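Architecture at a glance
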Amino acid sequence: MKKVILIAFYFNQVNEIASKRLRGLAEYLPSFGYEPIVIVPDLGFTPSENEDLDACIITTEYEDMFSHYLSKFPLKNSSLSNDGDSNHAEESAAPNSKLRDSISVGNPIVSKAISLAGEVLAYPDGMKYWHDPAFKAACEIIEKEEIVGIISSSWPITCHTIAKDLKRKYGIPWIADLRDLWNLNPYVSHTAIRTRFERNLEMKTFEDVDVLTVTTDLAAQTLATLHPDKKIVPILSGYSKEDFRVIDEVLNESKAPVLEDNQNLSGSKSQDLLEDSPDNAKLKFIYAGSLYSGKRDPTLLFKAIRELENEKKIDSSKLDISFYGDSGNLLDIAGEYGLSDILNIGGKVPHKTVLEKEAQSDILLLISWNSPDEQMFIPGKIYEYFALAKPVLSIGYKSGSLKDLIDKTGIGYHVANLEDTKNAILKFYDEFMEKGAINLDSNLDIEEYSMETMAGKFAKLLDDLS
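Structural notes, computed from the coordinates. (Residues numbered from 1 in each chain as written. Predicted model: local features only at pLDDT ≥ 70, side-chain atom pairs only at ≥ 80, totals over all residues. Heavy atoms only, no water.)

A cis amide bond links S154 with the next residue in sequence, W155, at an omega value of 15°. Following W155, the chain continues to P156 via a peptide bond in cis, the omega torsion being 5°. Note that P156 resides in the loop between β4 (147-154) and α7 (158-170). A positive phi is found at K312, a non-glycine position, where the angle reads about 60°. Tracing the chain through its elements places K312 in the loop between α12 (299-310) and β9 (319-324). (Helix = DSSP H or I, 4+ residues; strand = E, 2+ residues; numbered from the N terminus.)

Burial in helix α9 (residues 217-224) covers these residues: A219, A220 and L223. Down the axis of α9, the buried side of the element spans an arc of 100°, and every buried residue falls inside it. Along α9, the residues that are exposed and aim more than 90 degrees away from the buried face are D217 and Q221. Where α9 is buried, its residues touch α8 (192-205), β6 (211-214) and β7 (232-234). (Buried < 20%, exposed > 50% of the residue type's maximum accessible area, 1.4 Å probe, protein only. Arc of directions from axis to C-beta. Contact = heavy atoms within 4.5 Å.)

Every α-helical turn comprises 3.6 residues, leaving residues that sit three or four positions apart pointing alike. If you check helix α18 (residues 451-465), its first and last C-alpha atoms are 21 Å apart, about what 15 residues at 1.5 Å a residue would give, namely 21 Å. When α18 is considered as a whole, its buried residues turn out to be M451, M454, A455, G456, F458, A459, L461 and L462. (Expected span 1.5 Å × (residues − 1).)

In globular proteins that are soluble, nonpolar side chains generally tend to be buried together. I7, W130 and L166 are the most contacted members of the largest nonpolar core, which totals 41 residues. Going through the elements one at a time, β1 (2-7), β2 (34-41), α6 (131-144), β4, α7, β5 (174-178), β6 and α9 are the ones with two or more residues in this core. For this core, the element with the most residues is α6, which contributes six residues. Dropping the residues within four chain positions of it, I7 is found in contact with I39, W130, I150, I151, S152, S153, C159, I162, A163 and L166. (Core = buried A, V, L, I, M, F, W, Y, C linked by side-chain atoms within 4.5 Å.)

Time to look at the sheet that holds strand β13 (residues 412-415). If you trace the six strands from one edge of the open sheet to the other, you get β10-β9-β8-β11-β12-β13, paired in parallel fashion. Each of the sheet's edge strands pairs with one partner strand only, and the pair in question is β10 (343-347) and β13. Taking the axes of each pair of neighbouring strands and ignoring which way they run, one obtains an average angle of 20° across the sheet. Across two bridges, the pairing between strand β8 (residues 283-288) and strand β11 (residues 363-367) is parallel. Bridging from a neighbouring strand, F285 pairs with I363 of β11. Its contacts with the sheet place helix α14 (residues 351-359) against β8, β9 and β11, and it is angled at close to 155° to β8. Against the sheet, helix α16 (residues 401-409) makes contact with β11, β12 (392-395) and β13, and its axis sits at roughly 155° relative to β13, the strand it touches most. (Pairing = 2+ DSSP bridges. Axes fitted to C-alpha atoms, helices over the stretch in contact; angles between N-to-C directions.)

As far as function goes, none of this settles anything; it's purely spatial.
In structure tokens, the structure reads:
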């Protein structure tokens, strides 16, 4: 089996969307004749999290940028020092953000100073001190094994600078995977000076790259404006077969009667079971994920329901809307439209619990930022929804990659204005009232959107480079 090196900072964070594409590559590349050797930083994760992967995983030492500089100017007797035991991806992968925020809180001058320092010191990113140990580990592998390819995946950009140096030293074919674009990412902004340096670095970094891969057609078109002479290939992400296994478990478990805490010994039904009886059944919507401080705004959903009820087209008491993740200002929005009684806020729960709730719901919600900047993005959640095979109501910008995918598969509706939202909800509602369920009328070819298919496309690129 031919061996490839996969440089992946986000890999061990099993439930983080950033790691799913990389873990999918590691899981399925062997099916196409390639054995991945994955190089990851030591962020405190245990080997047990990789027991399901048949891949060689090399863990290197790691020091983030903030810790690196703090070690040179230690805070004496400080209670803010990092004990290094965090297993939370957002704390361990970021440049010691918890400590940084603790120092700067309540002091705008210090906060501004840290922000400006970050523009200079975190170049190209706060993980830059991973370069040397990762590069050293990769060199040791290359000098012992016959490596036929390198795949680096960003973010962080440091993954690509490691691969660039390996390419220049050994001449091994190199694929740079940009899960998000670098300088053309609409959500990343720097000072004018940093922007100039950053763009120059991108051009220099990718001088010798063989292939650039991205996650959507629109991202490929956008990237081509900066790298017109490079081979750029869009490769969608996907669902993993593990999703199906967990979902099957959830569905099988849900078929068995469950004794609820409020069910007495005489066998009387719990309130939940009563609500699911035919006369009390509700059309269940669910959203699980971050609302990104209001950038993902569910207002259109609640406003549409209020207007439909005012028009006497629906009865909102027949609806149930659940949100899992951060709650933001959901209570205020629902209260503004008099719909607090149909809103359930579940907070943050394990991924398996999310799958269980989604499997028991009728409509899966996707909410994205209603901005032109969203056009090139497809949220990874949609592939999980494909595996669940349930109708989707997506609320976001009027056009772009997500809308195109939903229209192509027929998995549901993508809406951007009030009237379209009302029409979609009413169609779901009328069908539910008539049939007691929502049938998925889709032309979705589920295999087209699997991680295995994605890995096969990377393998084809490796074949072509051999």
